[in-house]
Amino acid sequence: MLLLAAALLPAACQTNSVDTPAADCAPPPAPFAVRHPAWAANASIYEVNIRQYTPEGTFRAFEAHLPRLDSMGVGILWLMPVQPIGQEKRKGTLGSYYSVRDYRAVNPEMGTLEDLRHLVAAAHQRGMHVILDWVANHTSWDSNLARQHPDWFTRDSLGRFQPPVADWQDVIDLDYSQPALRRYMTASMAYWVRAADVDGFRCDVAGLVPTDFWNDTRAALDSLKPVFMLAEWDELHAPPFLKPGQFDPNTHLLEKAFDATYALRLRYLLDSIGQGQQPTRAIDAYLAAERARYPAGVYLMNFTSSHDLNSWSGTEYERLGANALPQAVLAALLPGIPMVYSGQEAALKKRLSFFEKDPIAWNGYPLQEFYTTLLQLKKRNAALANGDACAEFAALPASSSPAVYCFVRRRQQQAVLTAVNFSRQPRELTLHDLGPGTYRDIFSGQIQRLGSGSKVVLPAHGYRVYERVPGPN
């Protein structure tokens, strides 16, 4: 250690408060009225690609993985769309999950409604919750709605059905000026809560659907059971598929309808930092912008991969290279709710085909322990709770090294110290403004005293995570 330290480049880690809790820990003020279900407080999300998860591609085959995912610390299972897929203008052999033909039926390739019910019940027995992917913005060309209610769709200048986005040629756009459509869609979402006991929804391109629809639907669903609602949207980042001027940054989705949206602006920022294009201090500017828009207690979803990123932008190893794992540490431990995509625990280094059968090669789950360590820490440590206005976040300006980021999250006597290094060289950090305490390295198990003046060694493209040990410090 002494010989290594002599060759290290120094970097100070001085904690500067970015998000200090209010004295009374009040919930978010009006108009932010969403009350998160209690079971989501320390939950992490896991996105399930049923088609590619097993050779069978069925609910029953996936269900065998529940014990492993439960042990990994997963709290919320997000199932990609489970409905039948359209045939007309289908892309590829099997088509896109997001080309829905019938909102109230199960894709027979995945199994039956009873199989889905069994999966949800098995997850509930383990204390896990299940949300369904919901495609409210558009349907397949041959959907039952297109046949039965053609007046529920928008039209082009020639009166023809039209895709919502030019590249989405396998789907057609719904018209939410139609009150009957709104009633049908809300009732369809409620159907799955009643029929399969699901616990909420991940809502595709949620910002393209009127917010008042989502507000009304959230209230209707909450009258059945407390639900968790995740929006594919980020008011801080315009999606690349929209033309200039089409993005609405003021959708207000997090006020009454959704528990979380995507942290897309953060995702693209972290990609650029991981590729050496921006310094880590840009994270502080992002967090300040997030807090300027949203009060404490409102949170977004952090991730390094998803079905879209994996298939269209590349795996995290393509995009981030040697910084894939330190990025995963940030996604898990920065403020927000973390999400892991199917196959990340297998260190998946291939783009999964989106429209064909392309099963994940699990290879003995080489990163199972890595993600278990992170998600179980998230699950047990109150300092990492989702949307806790009483928690504190304190971050390093990172002026001494543009490739290092260090922060502390605290809640009363609980604390987690995280440091990552995106550079090719090892770094030695000197901690400042950290009260003395006993900490455990969550990956090595080593116990040590840390406080102001302590030095922490970060490997190249590496990370250190310390959890404060309970008891007198």
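Everything numeric in this text was worked out from a predicted model, so none of it was measured.

> Help me understand empty space enclosed by the protein, please; the structure alone is not making it clear to me.
Unfilled space is identified by rolling a water-sized probe across the atoms. Using the criterion set out here, one finds 4 cavities of 30 Å³ or more in the structure. By volume, the second largest cavity is sized at about 60 Å³. Lining the second largest cavity, in full, are Phe-303, Thr-304, Ala-328, Ala-331, Ala-332, Pro-338, Met-339, Val-340, Gln-344 and Tyr-371. Of all the elements in the fold, those that place two or more residues in the lining of the second largest cavity are α14 (324–333) and β12 (337–341).

> For this particular structure, what's the right way to read the layout of surface pockets?
In this structure, the largest pocket occupies an estimated 750 Å³ of space. Along the wall of the largest pocket there are 29 residues; nearest its centre are Trp-168, Glu-232, Phe-241, Asp-308 and Trp-312. Those elements giving two or more residues to the lining of the largest pocket turn out to be α10 (264–274) and α12 (307–313). Looking at the lining of the largest pocket element by element, the count peaks at 5 residues for α12. For the lining of the largest pocket, a count of residues per class yields 16 nonpolar, 5 polar and 8 charged.

> How do you make sense of the side chain of Asn-421 when you look at a structure like this?
Relative to the elements of secondary structure, Asn-421 occurs in strand β15 (residues 414–421). Asn-421 gets classed as buried once you look at its relative accessible area, which sits at 0%. A distance of 2.7 Å separates a polar atom in the side chain of Asn-421 from a polar atom in the side chain of Ser-423. Other than its neighbours up to four places away in sequence, Asn-421 contacts Asn-323, Pro-326, Ala-403, Val-404, Pro-426, Arg-427, Leu-458, Pro-459, Ala-460, His-461 and Gly-462.

> I keep staring at the pattern of salt bridges and nothing clicks. Help me out?
Once the charged atoms of two side chains with opposite charge are near each other, the side chains can pair. This model, assessed by the stated rule, comprises 22 salt bridges. One salt bridge connects Lys-350 with Asp-358, and the closest N-O pair in it is separated by 2.6 Å. Classification of Lys-350 as partly exposed rests on a relative accessible area of 35%. Here Asp-358 falls in the buried class, since its relative accessible area comes to 12%. One salt bridge connects Arg-380 with Glu-467, and the closest N-O pair in it is separated by 2.8 Å. Pair noted here: Arg-380 is in helix α15 (residues 368–380) and Glu-467 is in strand β20 (residues 463–468), with a separation of 87 residues, a long-range link.

> What is the right way to read the confidence of the model for the protein chain from this model?
Low pLDDT marks stretches whose predicted atomic positions should not be read closely. When the pLDDT values of the protein chain are averaged, the result is 93; 93% of them are 70 or greater. Averaged over each element, pLDDT in the protein chain is lowest for helix α1 (residues 2–7) (36) and highest for strand β4 (residues 76–79) (99). Across residues 1–7 the pLDDT falls below 50, and counting only partners more than four positions away or on other chains, this stretch makes 4 contacts in the model.

Basis of the calculations
Residues numbered from 1 in each chain as written. Predicted model: local features only at pLDDT ≥ 70, side-chain atom pairs only at ≥ 80, totals over all residues. Heavy atoms only, no water. 1 Å grid on protein atoms, 1.4 Å probe; cavity = no way out; pocket = protein on both sides within 12 Å on 5 of 7 lines; lining within 4 Å. Points joined across faces, edges and corners; volume = space filled by probe spheres on them. Helix = DSSP H or I, 4+ residues; strand = E, 2+ residues; numbered from the N terminus. Nonpolar A, V, L, I, M, F, W, Y, C, P; charged D, E, K, R; others polar. Buried < 20%, exposed > 50% of the residue type's maximum accessible area, 1.4 Å probe, protein only. Polar contact = N/O pair within 3.5 Å; in protein donor to acceptor, adjacent residues only side chain to side chain. Contact = heavy atoms within 4.5 Å. Salt bridge = Lys/Arg side-chain N within 4 Å of Asp/Glu carboxyl O. pLDDT = per-residue confidence, 0-100.

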